[in-house]
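# Fold and geometry: a report
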Amino acid sequence: MLSATSFKADRHARIVIIGGGAIGCSLAYHLARAGESGVLLLEKSRITDGCTWHAAGLVGQLRGKRNLTRLMQESVAVFDRLEAETGQAIDWRKTGSLRLASSPARWSEIRRAMTQARGIGFECHSLSPGEAKEKFPYIDLDGVVGAAFIPSDGYVDPYALTQAYAKGARAKGARIEEGVCVREIVLQGRRAAGVVTDGGTVACDILVNCAGLWAKRVGALAGVPLAAGVVEHQYFVTEKTLDLAPDLPTLRDPDKNFYLKPDVSAFAIGGWEDGTKGCWRGRPPFDFGRELFDSNMDRLERFALPCAERLPVLNDTGIQTIINGPIPVSADGEPIMGLAPDLDNFYVACGFTAGIAASGGAGHAMANWILHGDPGMDLWPFDVRRFGAPQANGRYLEARAIEAYGSYYKIHWPGEETQAGRGLRRSPLYEILKQRGAAYGAKNGWERPNCFSANHIERPSFENKPGWFEAVGAEARAIRERVALIDQSSFAKFEIAGPGAGKFLQGLAANDLSGPAGTCVYTQLCNPKGGVEADLTIMKQSDDLFYAVTGSGFGVRDGHWLGSHMPGEGTVKMREVTRERAVINLCGPRARDVLQAVTDQDVSNAALPFLSVAEIEVGHASVRAARIGYVGELGWELHIPAEYAAHVYETLMAAGREFGIADAGYRAIESCRLEKGYLYWSADLSPDYSPYEAGLGFCVALGKGDFLGHDALAAIEDKGAARKLCAFAVEGFAPFHGGEAILKEGKVVGQTTSAGFGHTLGKTLAFGYLPSGLARETDFEIEAFGTAYTATRGPRCHYDPSNARLKA
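The numbering scheme is per chain: residues are counted from 1 as the chain's sequence reads. With the structure being a predicted model, the display of local features is reserved for residues of pLDDT at least 70 and the display and counting of side-chain atom pairs for 80 or more, all residues being used for whole-chain, interface and lining totals. Computation of side-chain values covers all heavy atoms of the structure but excludes hydrogens and water.

## Focus on the overall build of the protein chain
- The number of helices and strands found in the protein chain is 18 helices and 37 strands.
- Only C-alpha atoms enter the radius of gyration; for comparison, a globular chain is expected to reach 2.2 Å times N to the power 0.38, where N is the number of residues. For 808 residues, the compact-globule estimate of 2.2 N^0.38 gives 28 Å, and the C-alpha radius of gyration of the protein chain, at 27 Å, lies within 12% of that figure.
- Buried means the residue's accessible area, taken with a 1.4 Å probe over protein chains only, is under 20% of the maximum for its type, while exposed means over 50%, and partly exposed covers the values in between. Buried residues in the protein chain amount to 61% of all 808 residues.
- Contact between two residues is taken to exist if any of their heavy atoms lie within 4.5 Å; hydrogens are not considered. For the protein chain, restricting intrachain contacts to residue pairs at least 6 apart in sequence, the fraction spanning at least 24 positions comes to 74%.
- Residues counted as positive are Lys and Arg, residues counted as negative are Asp and Glu, and His and the chain ends are not counted. All charge positions are set by atom: Lys at NZ, Arg at CZ, Asp at CG, Glu at CD. Computed over 86 positive and 95 negative side-chain charges, the separation of the two mean positions in the protein chain equals 2 Å. Every helix listed is a DSSP run of H or I at least four residues long, and every strand listed is a run of E at least two residues long, numbered separately from the N terminus.

Quick look at the structure:
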């Protein structure tokens, strides 16, 4: 990184894009199309020379989340118009796609996806095996259970598509320079001031990393760690001996682990085999160009042989070409997009395993993000802030990328856990709880106890009760009837201090933080449109010292949101203290009995009422006791200096034996929070929804004075929310996982945001947004796996609606 003081730019461009693949060229096209005149794209070699040139070009839109499908739909909309708009042929074949289910479990997964598609009005058809064969006559139906057909999918020529983006960008005034490699990025404080290339220096106002395979290296030039890996991917093209119908759809058989694209008298066939090879720890040399690797026949056979079972014609058709090239894969297999939290003007759009299919929508969303500060929809599953520096570690990243690649076509079970890169971040209680039977899951690199039981089975299910169902029920009963301890040390925690801390937070939070020291405030942080950017608790220790707590997976995001709005005069400082403090949630109707037995302080309701926070002694340690929780029972979050956590846990456990104390995990938390009506950011809350729509108007203090989002929220309150979050209940067990279609008189009126079983109530519970005109209706149906379940809309809080137990 070159010092800004010695940087002399030869020229200036308002927006500099690094990388001329499909994503970079799409972004240049969309920026120029939106009227941005100062766009310069720098490509170190030639356009498409990274991995775009050897991509297969399949376009599939249906994804597991509503907005991710919308992103892919936007790509198809771009493909539909691009050729006519630019005059550049892109060979876009909208032939539809066929996805086979070759096992009952896969058919459950596909039917779940089709239900989600129905919830957002996306056209998708369920086919019998015979109907699937009519669409694709070459398949052998042995083992086929059913199929999904999406008529608006297809395939495109990646090279021609990228050239069309480039032509369209140039026509609107963008500049694209090939053979120009960025060697250094110049920083000035928290900004990228420009780049040093082998063809001169360029100053910029905004810098965008669309470097594809080289994204991690380019990020490192700016001091930005990125969890963008690189692995080998193979596909082959058969001999050109097939007489194919022009409307033959693309084909995917994930149980046989292959995808297929019709080519000229041939098939292009690839797969996502286990055991691929990681490349360069995600940092390929800049001089790696339009190159391929030697083919690996052992890995090729892992999808080619099953493919030949499904397509017997391959037994009489030879292989003409094998392509084995590098492709980007992130630490979780999803793209990485948005404004990097480390700098104020450095955007990233990288890690695209399906970059061709996503390119149109991604370019459009990134252009919106850069020009308007908002991608146009909540893209949290793709957001760069879902990762931190630990996920960018080379060895960790490579292990996760290889696993994500090999899992691409595996069944994605509800509640499944990754296996690679485990054990990275551990609570001080990790070994203790492991010995007590904790079944661990992972979140943001942290090991967290999902549940406890020597007898439970880690067996997920789509349509039946999972293997941990009874164990979680027992933990929920302990929380509701006795007392439990939950290790929540992975909470992200921030200390905000300084003479301007109170004023700063009052101007950012929707709720009122002006109360006395020793209080907790549950609040949302909203954007200028009133959408919820963060959902967290802020504890006031004094007028100039606050302690903010948020979810394990949201620390980078929420810390960035706080930090990016801090005043520049130095009156406020923020420090992350996640590692410094463990957190034990002591909860249940006997929680006070246990706590009082181990402290000399008065913990009565009069002394420590609901939403109070105080420094108390527990055993031989000093802890911060906050009278809050996420399960809806009497309890405290005990924030403990990490070195004392084991002692505090053992002290509480010993004192709680006479009250039937138990360990509990995050699956029990989920059941209890659904019963209590507590919401989860990234599912029930997001930048797409305001607090008023989510039923959190009680957290909006419009009368306290101005704060970020105030005017938008005032307008929503005055006009009334157009949609409202509602709670639904189904008697007994129903296989809901979130994303199900909500029906009224047979018509889709909404989609569930989160769902699960309430063990105390014996009901399946779900949240979902409805148009306000329907929000008072009570009789609905929720569709899952082809079955419509009778669902009753009721009060948001099904359990202890008066809060008598919570505030006892």
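## A few points about the packing of helix α1 (residues 22–33) against helix α2 (residues 66–86)
- Interaxial angle, 0 to 180 degrees, is taken between N-to-C directions of lines fitted to C-alpha atoms, where a helix line uses only the stretch in contact. Here α1 crosses α2 at 75 degrees, and the two axes come no closer than 14 Å. What the angle tells us is that α1 and α2 run roughly perpendicular. Residues Tyr29, His30 and Arg33 of α1 pack against Val78, Arg81, Leu82 and Glu85 of α2.
- When residue character is reported, Ala, Val, Leu, Ile, Met, Phe, Trp, Tyr, Cys and Pro are called nonpolar, Asp, Glu, Lys and Arg charged, and the others, Gly included, polar. The class makeup of the residues in the contact of α1 with α2 is three nonpolar, one polar and three charged. Put simply, angles under 35 degrees are roughly parallel, angles over 145 are roughly antiparallel, angles from 65 to 115 are roughly perpendicular, and the rest are oblique.

## Considerations on helix α15 (residues 591–598)
- Within the span of α15, buried status applies to Ala591, Arg592, Val594, Leu595 and Val598. The arc that holds every buried residue of α15, seen down its axis, measures 160 degrees, which confines them to one face.
- The inward-facing, buried residues of α15 abut β27 (581–587), β28 (613–618), β30 (635–641) and α16 (645–656). The directions from the helix axis to the C-beta atoms form the arc being described.

## What to know about the state of the cysteines
- The criterion for a disulfide is a pair of cysteine sulfur atoms lying within 2.5 Å. Tallied over the entire structure, the rule returns zero disulfides.
- Here cysteine 672 is not cross-linked by a disulfide; its sulfur's nearest cysteine counterpart is in cysteine 587, at 7.6 Å.
- Since its relative accessible area comes to 0%, cysteine 672 is described here as buried.

## Considering the side chain of threonine 550
- Residue position: threonine 550 is located in strand β25 (residues 545–550).
- Judged by relative accessible area, threonine 550 falls into the buried class, the value being 4%.
- Within the structure, the side chain of threonine 550 is placed 2.5 Å from the side chain of aspartate 558, a separation counted as a polar contact.
- With near-sequence residues (within four places) excluded, threonine 550 lies in contact with Phe491, Ala492, Phe494, Asp535, Leu536, Gly555 and Asp558. Under the rule applied, a polar contact is a pair of N or O atoms within 3.5 Å (in protein, one hydrogen donor and one hydrogen acceptor; residues adjacent in sequence only if both atoms are side-chain atoms).

## A few points about the nonpolar core
- Only buried residues count toward a nonpolar core, which is a set of Ala, Val, Leu, Ile, Met, Phe, Trp, Tyr and Cys residues joined through side-chain atoms within 4.5 Å. The biggest cluster of nonpolar side chains holds 51 residues, and the ones touching the most others in it are Ile17, Leu27, Val208 and Met337.
- Ranked by residue count, the leading element in this core is helix α8 (residues 355–372), at nine residues.
- Once you skip the residues sitting within four places of it in the chain, methionine 337 turns out to touch Val348, Ala349, Phe352, Ala362, Ala365, Met366, Trp369, Leu379, Phe382, Asp383 and Val384.
- Counting 41 residues, the second largest nonpolar core, distinct from the first, contains Cys51, Ala211, Ala215 and Leu226.

## Observations concerning the sheet that holds strand β21 (residues 484–487)
- An order of β28-β29-β30-β27-β21-β31 is seen for the six strands of this open sheet, with the pairing classed as mixed. Two strands in the sheet have a free side with no partner beyond their single neighbour: β28 and β31 (662–663).
- Helix α12 (residues 469–481) contacts β21, β27 and β31 of the sheet and is inclined by roughly 115 degrees relative to β21. The pairing criterion for strands is at least two bridges between them, as found by DSSP.

## With respect to the sheet that holds strand β13 (residues 250–253)
- Reading across from one edge, β5-β6-β4-β13-β14-β15-β12-β16 is the order of the eight strands in this open sheet, with mixed pairing throughout. Each edge of the open sheet carries a strand with a single partner, namely β5 (125–127) and β16 (319–330). If you compare each strand with its neighbour and ignore which way they point, the axes differ by 20 degrees on average.
- Inspection of the sheet shows strand β14 (residues 258–263) paired to strand β15 (residues 266–270) by five bridges, in the antiparallel sense. Each residue of the ladder has a partner; that of tyrosine 259, found in β15, is glycine 270.
- This element, helix α7 (residues 297–310), spans β4 (97–101), β12 (228–238), β13, β14, β15 and β16 of the sheet and lies at about 50 degrees to β12.
- The strands touched by helix α10 (residues 394–406) within the sheet are β12 and β16, with β12 carrying the most contacts at an inclination of about 35 degrees.

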